[in-house]
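# Architecture at a glance
What follows is the residue order along each chain.
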Amino acid sequence: MRKSRVLLGAICALAIVSAASAGGSATPGVTSKQILIGGTTPLSGPASAYAAVAKGADAYFKYVNAHGGVFGRSIKYKYEDDAYDPSQTIQKTRDLVQNDKVFAIYNTLGTEQNLAVRSYLNQLKVPQLLVASGASTWGNDHKKYPWTIGFQPRYWGEAAIYGHYIAKTRPKARIGILYQNDDYGKELIAGFQHALGKKAKLIVSKQGYDVSDTDVKSQIARLKSKRVNTLMVFATPKFAIQAYVYARKLSWKPLVYMNAVSSAANIMGLSTAATNKKQTEGTISIVFLKDPTDPAWRNNSGMKLYRSIMKKYKGGNPNDVYAVYGMSVAHTFVAALQKAGKNPTRAGIMKAADSLNITNDPFLLPGISVKTGASDHFPLDQAKLQRYHNGHWVSFGGLFRVR
């Protein structure tokens, strides 16, 4: 009898250890029916215009779920408001990882915000996927942080396009720069100056602002006082709109180069409404997404799909280009998840994200693909120039590599 009890106890103990082992080896956030991902985004605060990115992505996931999901699993996307505050990003990312036990942190928005959680996520080997920031570090530092990968064209390359174009077309420009005083703004400046080369002396003034600032009134006044005729706006939407507003109040009309993160047609529309058509006319930026307000895409199958998804799954304003961006990122995540196979793991999704070749993204401009490889960790590296004319963007020239 005693031997039977001992044997029974040993079997129970082994069963408990085996169950614990099985539970410990299971992939967090993945069940037979669902994959849970999470991230932070500024639903409030100075960068709340970007809320549409998460909402557009969420609408696309709901569309995918309604069509069978990925290998029978639905995608649940939980996004938290960090108000564009890195300290909140840290807290809410930890909650998503430790309490919600998400499969991956996906599409967190902002350079400083992602930098704040990168080491933490890499130490735990939690994928930090398709970062919503164009900082070069996401690709350049991949060996050190192999669990992190970005998505959008990098800031350095974008600014280099502007620098090369100005050097060729405005050799006598007096250039002024309004920039966000953090890694995002500084990288744009670095790429711009590098592309200008010897003509970097054309830059006569650089005026930075902090995210916590109320406005950029004094910065715009100082730039005008330096007789700037070519204004680089390396700023998020709130301050980009203010740049036009305060310039108009000073009766100043420089040629503006607007960084891509604030060049969405809906933001330009707000800038025009707050000033006039003359103030925004001629602005130059880059473009890699289809613009839902552009008549050229009215009958395009990708834009028809976008609008139907936005309407059916309540994605918000269908004319918001940031929602198009959100869908494009979500499309890439779904492709990576499919590539990861029927039994996705965290290591498997990173391997898939590092070997993408997506040529059918319906939300990107024709000819632009999403590619990564062993020595290439920048998913998007193509764009075109565009000019704002008569209240809408018109692209010109061919595709550039934003390297």
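Our subject is the structure that appears above.
Procedures and definitions
- Residues numbered from 1 in each chain as written.
- Predicted model: local features only at pLDDT ≥ 70, side-chain atom pairs only at ≥ 80, totals over all residues.
- Heavy atoms only, no water.
- Axes fitted to C-alpha atoms, helices over the stretch in contact; angles between N-to-C directions.
- Helix = DSSP H or I, 4+ residues; strand = E, 2+ residues; numbered from the N terminus.
- Parallel < 35°, antiparallel > 145°, perpendicular 65-115°, else oblique.
- Left-handed = near helix turned anticlockwise from the far one by under 90°.
- Contact = heavy atoms within 4.5 Å.
- Nonpolar A, V, L, I, M, F, W, Y, C, P; charged D, E, K, R; others polar.
- Buried < 20%, exposed > 50% of the residue type's maximum accessible area, 1.4 Å probe, protein only.
- Phe/Tyr/Trp six-rings, centres within 6.5 Å; stacked < 30°, edge-to-face > 60°.
- 1 Å grid on protein atoms, 1.4 Å probe; cavity = no way out; pocket = protein on both sides within 12 Å on 5 of 7 lines; lining within 4 Å.
- Points joined across faces, edges and corners; volume = space filled by probe spheres on them.
- Core = buried A, V, L, I, M, F, W, Y, C linked by side-chain atoms within 4.5 Å.
- Expected span 1.5 Å × (residues − 1).
- Bend = angle between axes of the 7 residues up to and from the residue.

### Observations concerning the packing of helix H3 (residues 86–99) against helix H4 (residues 111–124)
It is the contact of H3 with H4, at a shortest axis distance of 8 Å, that shows an interaxial angle of 30°. For the element pair H3 / H4, the angle class is roughly parallel. With respect to the hand of their crossing, H3 and H4 are arranged in right-handed fashion. Only Glu112, Gln113, Ala116, Val117, Tyr120, Leu121 and Leu124 of H4 make contact with H3, whose side of the interface consists of Pro86, Thr89, Ile90, Thr93, Arg94, Val97 and Gln98. Of the residues assigned to the contact of H3 with H4, the class counts are eight nonpolar, four polar and two charged.

### Focus on unusual backbone geometry
For residues that are not glycine, phi is negative in most cases, and the peptide bond is trans in most cases. Residues other than glycine seldom take positive phi values, yet Ala83 does so here, at roughly 55°. Relative to the helices and strands, Ala83 resides in the loop between strand S2 (74–81) and H3. Residue classification places Ala83 among the buried positions, given a relative accessible area of 18%.

### Remarks on the packing of aromatic side chains
Note on aromatic pairs: each is described by the distance of the centres and the angle between the planes. A complete count under the given rule lists 16 aromatic pairs for this structure. With a centroid separation of 5.8 Å and an interplanar angle of 80°, the aromatic rings of Phe61 and Phe333 are classed as edge-to-face. Of this pair, Phe61 sits in helix H2 (residues 51–66) while Phe333 is found in helix H13 (residues 321–340), placing the two residues 272 residues apart along the sequence. Assessed through its relative accessible area of 0%, Phe61 is described here as buried. A relative accessible area of 1% means that Phe333 is categorised as buried.

### Remarks on empty space enclosed by the protein
Across all of its chains, the model carries three cavities of 30 Å³ or more by this definition. Volume-wise, the largest cavity comes out at about 460 Å³. The wall of the largest cavity is formed by 30 residues, among which Ala260, Val261, Phe288, Tyr322 and Tyr325 lie closest to the centre. Taken together, the elements giving at least two residues each to the lining of the largest cavity come down to helix H6 (155–169), strand S10 (284–287) and H13. For the lining of the largest cavity, the element with the highest residue contribution is H13, accounting for three residues. The residue makeup of the lining of the largest cavity, split by class, is 20 nonpolar, seven polar and three charged.

### Focus on the nonpolar core
Nonpolar side chains in soluble globular proteins generally cluster together in the buried interior. By size, the foremost hydrophobic cluster in this structure holds 115 residues, and its most contacted members are Ile37, Phe61, Tyr106, Ile175, Phe192 and Ile220. Here this core takes 14 residues from H13, the largest share from any one element. Here Ile175 is in contact with Ile166, Phe192, Leu196, Leu202, Ile203, Val204, Ser205, Val228, Thr230 and Met232, once residues within four sequence places are set aside. Counting nine residues, the second largest nonpolar core, distinct from the first, contains Leu96, Val97, Val102 and Val126.

### A look at the layout of surface pockets
Counted as a void, the largest pocket has a volume near 180 Å³. When contributions to the lining of the largest pocket are tallied by element, the ones reaching two or more residues are strand S13 (382–389) and strand S14 (392–401). Looking at the lining of the largest pocket element by element, the count peaks at four residues for S14. Considered class by class, the residues forming the lining of the largest pocket number eight nonpolar, two polar and three charged. If you add up the space inside the second largest pocket, you get close to 150 Å³. Forming the boundary of the second largest pocket are eleven residues, of which Ala160, Ile161, His164, Tyr165 and Phe400 lie nearest the centre. Among the elements of the structure, H6 and S14 are those that each provide at least two residues to the lining of the second largest pocket. Per-element accounting of the lining of the second largest pocket gives the leading share, six residues, to H6. Here the residues of the lining of the second largest pocket are counted per class, giving six nonpolar, two polar and three charged.

### Some thoughts on H4
Given 3.6 residues per helical turn, the α-helix brings residues three or four places apart onto the same face. Between its terminal C-alpha atoms H4 stretches 20 Å, which fits the 20 Å expected from 14 residues at 1.5 Å a residue. Its maximal kink placed at Arg118, H4 deviates by approximately 40°. Within the span of H4, buried status applies to Thr111, Gln113, Asn114, Val117, Arg118, Tyr120, Leu121 and Asn122. Positive backbone phi, approximately 60°, marks Lys125, located one or two places after H4.

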